[in-house]
Amino acid sequence: MFKKAILLMFLAFMSLQVFASDAEHPPKMNWSFQSIFGTYDRAALQRGFQVYHEVCAACHSLNHLAYRHLAGIGFTPETIKALAAEKEIRDGFTEEGEIFKRPGIAADHIAPPYINESAAKAANNGSLPPDLSLIVKARAHGPDYLHAILTGYAEPPKEVQLGENMHYNKYFAGRQIAMIAPLHEGMVNYTDGTPTNVEQYAKDVVTFLTWAGDPKMEERKSTGFKVMFFLIILTLFMFFTKRRVWRNIKD
Ligand code: HEC
């Protein structure tokens, strides 16, 4: 009886799992930043920022990042200043009580596309484009998943009924997503001769967004190695000290 109940619960749980994982598993990719020695590819980071800036920033904010942080992907202070100055930043109120606006400076956070969530939803048929600062960390298999979503749009199979303003994407939960396919061949001009196709854009913007969520990764890895190195030397030192100290003691 008890065994049966357990079995039933297990089966119910498994069916829920199948239901929840209706989306396909994202294909495993080879990212330069994922191994223990891995680092971010600087050129990919800069191209990825370009894709975010020219495409995704129309709908998605990147709240945790300030313009000055872009020094971390190799931008010069001049580039950063110019990027920030492109945007108008709302900064308190004038004496007449109106919103005061000024050009952005390096210390400002990256300007969001909408004033607030309601405006963001209203502009996107009621769906909220999430902030992308931590999205890679917030999703299982973050980089693979994001890459899959960006490249996973297709014509829906005949038996699939899409909701209004929904788009078929087999990697998104429920296989329908409110975001229209954002990337198209040739839409962003790369100046370094890198191919300008959807696959490449997706790889670059995922590299950039992974960095945005974890800009200290390289520093952390290198500190980790220094600490390990120190511990190994210390262990050797202790070992030989012990041998020396006990050398003349006979039992
Ligand atoms: C026209 C507006 C628009 C553009 C441009 C756009 N998105 Fe979206 N995005 C959305 C909306 C709306 C959603 C919410 C989808 C939903 O909940 O069904 C979304 C959702 C997402 C999600 C979340 C998926 C999840 O698991 O919840 C990611 C990641 C994402 N977008 C990345 C990007 C990237 C990267 C770009 C640029 C290459 C981009 N988006 C461009 C509107 C946009």
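Before going into details, it helps to say that this report is about the structure given with it. Computed from a predicted model, the values in this text were never measured in an experiment. (Residues numbered from 1 in each chain as written. Predicted model: local features only at pLDDT ≥ 70, side-chain atom pairs only at ≥ 80, totals over all residues. Heavy atoms only, no water.)

### Considerations on the coordination of the iron atom of the ligand
Thought 1: The iron atom of the ligand binds to the protein through His60 (NE2) and Met179 (SD); the donor distances cover 2.0 to 2.1 Å.
Thought 2: Coordination geometry of the iron atom of the ligand: the six donor atoms subtend angles of 86 to 178 degrees at the metal centre, consistent with an arrangement described as octahedral. Separated by 119 residues along the polypeptide, histidine 60 in the loop between helix H2 (42-54) and helix H3 (77-85) and methionine 179 in the loop between strand E4 (176-177) and helix H7 (198-213) bring together distant segments of the chain.
Thought 3: In this structure histidine 60 comes out as buried when scored by relative accessible area, which is 10%. (Donors = N, O, S within 2.8 Å, 3.2 Å for Na, K, Ca; no water. Tetrahedral: all angles 85-135°; square planar, octahedral: opposite > 155°, others 65-115°. Helix = DSSP H or I, 4+ residues; strand = E, 2+ residues; numbered from the N terminus. Buried < 20%, exposed > 50% of the residue type's maximum accessible area, 1.4 Å probe, protein only.)

### Overview of the nonpolar core
Most often, soluble globular proteins keep nonpolar side chains buried together rather than apart.
Thought 1: Residues Phe49, Tyr52, Leu70, Phe208 and Trp211 are the most contacted members of the largest nonpolar core, which totals 46 residues.
Thought 2: Of all the secondary-structure elements, those providing two or more residues to this core are H2, H3, helix H5 (135-138), helix H6 (142-151) and H7.
Thought 3: In terms of residue count, H7 provides more of this core than any other element does, eight residues in total.
Thought 4: Not counting residues within four places of it along the chain, the set of residues in contact with phenylalanine 49 comprises Leu70, Ile73, Phe75, Leu83, Ile110 and Phe208. (Core = buried A, V, L, I, M, F, W, Y, C linked by side-chain atoms within 4.5 Å. Contact = heavy atoms within 4.5 Å.)

### Section: empty space enclosed by the protein
Thought 1: Taken as a whole, this structure holds one cavity of 30 Å³ or more when the rule is applied.
Thought 2: Computed from the structure, the largest cavity encloses a volume of approximately 60 Å³.
Thought 3: Forming the boundary of the largest cavity are Phe49, Tyr52, His53, Ala57, Tyr67, Lys87, Ile110 and Ala111.
Thought 4: Class assignment for the residues of the lining of the largest cavity results in six nonpolar, one polar and one charged. (1 Å grid on protein atoms, 1.4 Å probe; cavity = no way out; pocket = protein on both sides within 12 Å on 5 of 7 lines; lining within 4 Å. Points joined across faces, edges and corners; volume = space filled by probe spheres on them. Nonpolar A, V, L, I, M, F, W, Y, C, P; charged D, E, K, R; others polar.)

### Things to note about the packing of aromatic side chains
Thought 1: Across all of its chains, the model carries nine aromatic pairs by this definition.
Thought 2: With a centroid separation of 5.5 Å and an interplanar angle of 85 degrees, the aromatic rings of phenylalanine 49 and phenylalanine 75 are classed as edge-to-face. Here phenylalanine 49 is found in helix H2, whereas its partner phenylalanine 75 is found in the loop between H2 and H3, with 26 residues between them in sequence.
Thought 3: Given the relative accessible area of 4%, phenylalanine 49 is considered buried.
Thought 4: Measuring from centroid to centroid gives 5.4 Å for tyrosine 190 and tyrosine 201, while their planes differ by 80 degrees, and the two rings are edge-to-face. Pair noted here: tyrosine 190 is in the loop between E4 and H7 and tyrosine 201 is in helix H7, with a separation of 11 residues, a long-range link. Each of the two residues, tyrosine 190 as well as tyrosine 201, counts as buried.
Thought 5: Every member of this aromatic cluster is reached through a ring pair, and the members are Phe49, Tyr52, Phe75, Phe208 and Trp211.
Thought 6: The side chain of arginine 47 reaches across the aromatic face of tyrosine 190, ending 5.6 Å from its centre. (Phe/Tyr/Trp six-rings, centres within 6.5 Å; stacked < 30°, edge-to-face > 60°. Lys NZ or Arg CZ within 6 Å of the ring centre and 35° of its normal.)

### A closer look at H6
Thought 1: Within H6, nine of the 10 residues are buried, leaving the element largely enclosed by the surrounding structure.
Thought 2: For H6, every residue scored as buried is listed here: Gly142, Pro143, Asp144, Tyr145, Leu146, His147, Ala148, Ile149 and Leu150.
Thought 3: Where H6 is buried, its residues touch H5, E4 and H7.

### Considering the pairing of strand E1 (residues 88-93)
Thought 1: Here E1 runs beside strand E2 (residues 99-103); their pairing, made up of four bridges, is antiparallel. Looking across to E2, one finds that phenylalanine 93 is bridged to isoleucine 99.
Thought 2: Connecting E1 to the next strand, E2, in antiparallel fashion are five residues, including glycine 97 with a positive phi near 85 degrees. (Pairing = 2+ DSSP bridges.)

Read these as layout, nothing more, since geometry by itself doesn't imply function.
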